[in-house]
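Here's the letter readout for the chains.
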Amino acid sequence: MLRWDGQTLIMPLGAREGEFELRLAMQPGALTDAERQGYAQRSETELLAWEDAWAAGRFRLQSDETLVGEIHFQGDLLPVLALYDPSWMTSGLIPASEVMLDGPDWVLRLPIMPSLDGELGLLRINRVLAQMVVPFGPEPTAVDRVLALVPGPVSQEERDAAVQAAWVEGGRREKELVPALLAQAYSEKACPLPLPQESAALLEGYSLTASPLPKGCEILVEPTQVQHGRRLSARVGPQGVSAMILRELPLDFEYAED
């Protein structure tokens, strides 16, 4: 249903209210016949190009200009995806576990890392706007991540570089976050376990074990499951980090070209 909001015509294109909307702003003046014809020709050209793109079924997933994944549609088969971002990643190019229709949107579920309680990742795709949303809840929010589906394949060189960059940055974030949270905890207690609720939530997916010291304790940090975003093993005490490594994990992002 179209909505008129002052100077803007709002055209909902998705199943969730406020998401995947086309907003057309009213401007003063009138189009000439030549302008109208030009817009019509450009619109037809773009429409045909998108029809070809959907027929080919291969899209890059981009956050602004940054390549963070790809999706391959395969007719009646489940689409194949790869996600490679510092915050989340698949273990390689994998088929979606489930594809559902929610009105005009596709809803995909697939295994992702980190998965803190065995949960699957959820993605919403709008074909009209060629956008993918990573939702944070059942209703749209300002912090939902929006990715663009850009027509075209990803070369193996691009893929390898993007995976490596995400892997390195994800590890760097762990090495920065975990010691910082524990340092804050040690500033308040000689042995800070159990951690305050907020810090404990941020460290979900790690096991923390205390070893007694003459004054206080040392904390051993280990991933409960080694995965992207949860690879850090460390020993942290009142004086800081005494040991730290990032666990290795095999990934398979090789893609067999048709």
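### Comments concerning the overall build of the protein chain
Each helix and strand in the protein chain was counted, giving three helices and 16 strands. Rg of the C-alpha trace for the protein chain: 23 Å, well past the compact-globule value of 18 Å for 258 residues, more than 25% over. Reported as C-alpha extents along the three principal axes, the dimensions of the protein chain are approximately 85 × 50 × 30 Å. A burial count over the protein chain gives 38% of its 258 residues as buried. Accessible surface, the protein chain: about 15,000 Å² in total, of which carbon and sulfur atoms supply 55%. Placing the 21 positive and 38 negative side-chain charges of the protein chain at their respective mean positions leaves the two points 6 Å apart.

### Section: the nonpolar core
The biggest cluster of nonpolar side chains holds 22 residues, and the ones touching the most others in it are Leu61, Ile71, Leu81, Leu123, Met132 and Leu149. Of all the secondary structure elements, the ones that give two or more residues to this core are α1 (33-56), β4 (58-63), β5 (66-74), β6 (77-83), β9 (105-110), β10 (121-126), β11 (131-134) and β12 (145-151). Every residue in contact with Leu61, bar those within four places of it in the chain, is listed here: Thr66, Leu67, Val68, Gly69, Glu70, Ile71, Ala82, Leu83, Met132, Leu147, Ala148 and Leu149.

### Remarks on the state of the cysteines
Counted under the stated rule, the structure contains one disulfide. At a sulfur-sulfur separation of 2.0 Å, the disulfide partner of Cys191 is Cys217. On the sign convention where negative means left-handed, the S-S torsion of about 90° between Cys191 and Cys217 marks this disulfide as right-handed. On the criterion of sequence distance, the pair formed by Cys191 in the loop between α2 (156-186) and α3 (197-202) and Cys217 in strand β14 (residues 217-223) is long-range, its members being 26 residues apart. The exposure class assigned to Cys217 is buried, which follows from its relative accessible area of 2%.

### Remarks on α1
In this model α1 runs 35 Å from its N-terminal to its C-terminal C-alpha over 24 residues, within 8% of the 34 Å that 1.5 Å per residue would give. Restricting attention to buried positions, one finds in α1 the residues Gly38, Ala53 and Trp54. One or two residues past the end of α1 sits Gly57, with phi positive at roughly 80°.

### Focus: the sheet that holds strand β7 (residues 94-95)
On the basis of which strands lie adjacent, the open sheet formed by nine strands has the order β7-β6-β5-β4-β12-β11-β10-β9-β8 and antiparallel pairing. The open sheet has two free edges, formed respectively by β7 and β8 (98-102), since each of these has just one partner strand. In this structure, β6 lies alongside β7, joined through two bridges in antiparallel fashion. By the bridge assignment for β7, Val80 is matched with Pro95. Contacts from α1 reach β4, β5, β9 and β12 within the one sheet, and its direction differs from that of β4 by about 105°.

### What to know about the pairing of strand β15 (residues 232-237)
Of all six residues in β15, five are buried, a share of seventy percent or more. Bridge analysis of β14 against β15 gives three bridges, and the strand direction is antiparallel. The residue bridging Val221 from the neighbouring strand is Ala234, located in β15. Between the antiparallel neighbours β15 and strand β16 (residues 240-246) lie two residues.

### Section: the pattern of salt bridges
Scanning all chains against the criterion turns up 14 salt bridges. Residues Arg16 and Asp144 are paired through a salt bridge, measuring 3.3 Å at the closest nitrogen-oxygen approach. Of the two residues, Arg16 sits in the loop between β2 (8-12) and β3 (21-25) while Asp144 sits in the loop between β11 and β12, which places them 128 residues apart along the sequence. Judged on exposure class, the residue Arg16 and its partner Asp144 are both buried. Its salt-bridge partner being Arg60, residue Glu158 comes within 2.8 Å of it at the nearest N-O pair. One end of the pair, Glu158, is in helix α2; the other, Arg60, is in strand β4, with 98 residues separating them in the sequence. Taken together, the shared-partner salt bridges in this structure form one network comprising Arg16, Glu19, Asp102, Asp105, Arg124 and Asp144.

The rules behind these values
Residues numbered from 1 in each chain as written. Predicted model: local features only at pLDDT ≥ 70, side-chain atom pairs only at ≥ 80, totals over all residues. Heavy atoms only, no water. Helix = DSSP H or I, 4+ residues; strand = E, 2+ residues; numbered from the N terminus. Rg over C-alpha atoms; globule rule 2.2 N^0.38 Å. Buried < 20%, exposed > 50% of the residue type's maximum accessible area, 1.4 Å probe, protein only. Areas by Shrake-Rupley, 256 points an atom, 1.4 Å probe, with all protein chains shown as cover. Lys, Arg positive; Asp, Glu negative; His and termini not counted. Charge placed at Lys NZ, Arg CZ, Asp CG, Glu CD. Core = buried A, V, L, I, M, F, W, Y, C linked by side-chain atoms within 4.5 Å. Contact = heavy atoms within 4.5 Å. Disulfide = S-S within 2.5 Å. Expected span 1.5 Å × (residues − 1). Pairing = 2+ DSSP bridges. Axes fitted to C-alpha atoms, helices over the stretch in contact; angles between N-to-C directions. Salt bridge = Lys/Arg side-chain N within 4 Å of Asp/Glu carboxyl O.

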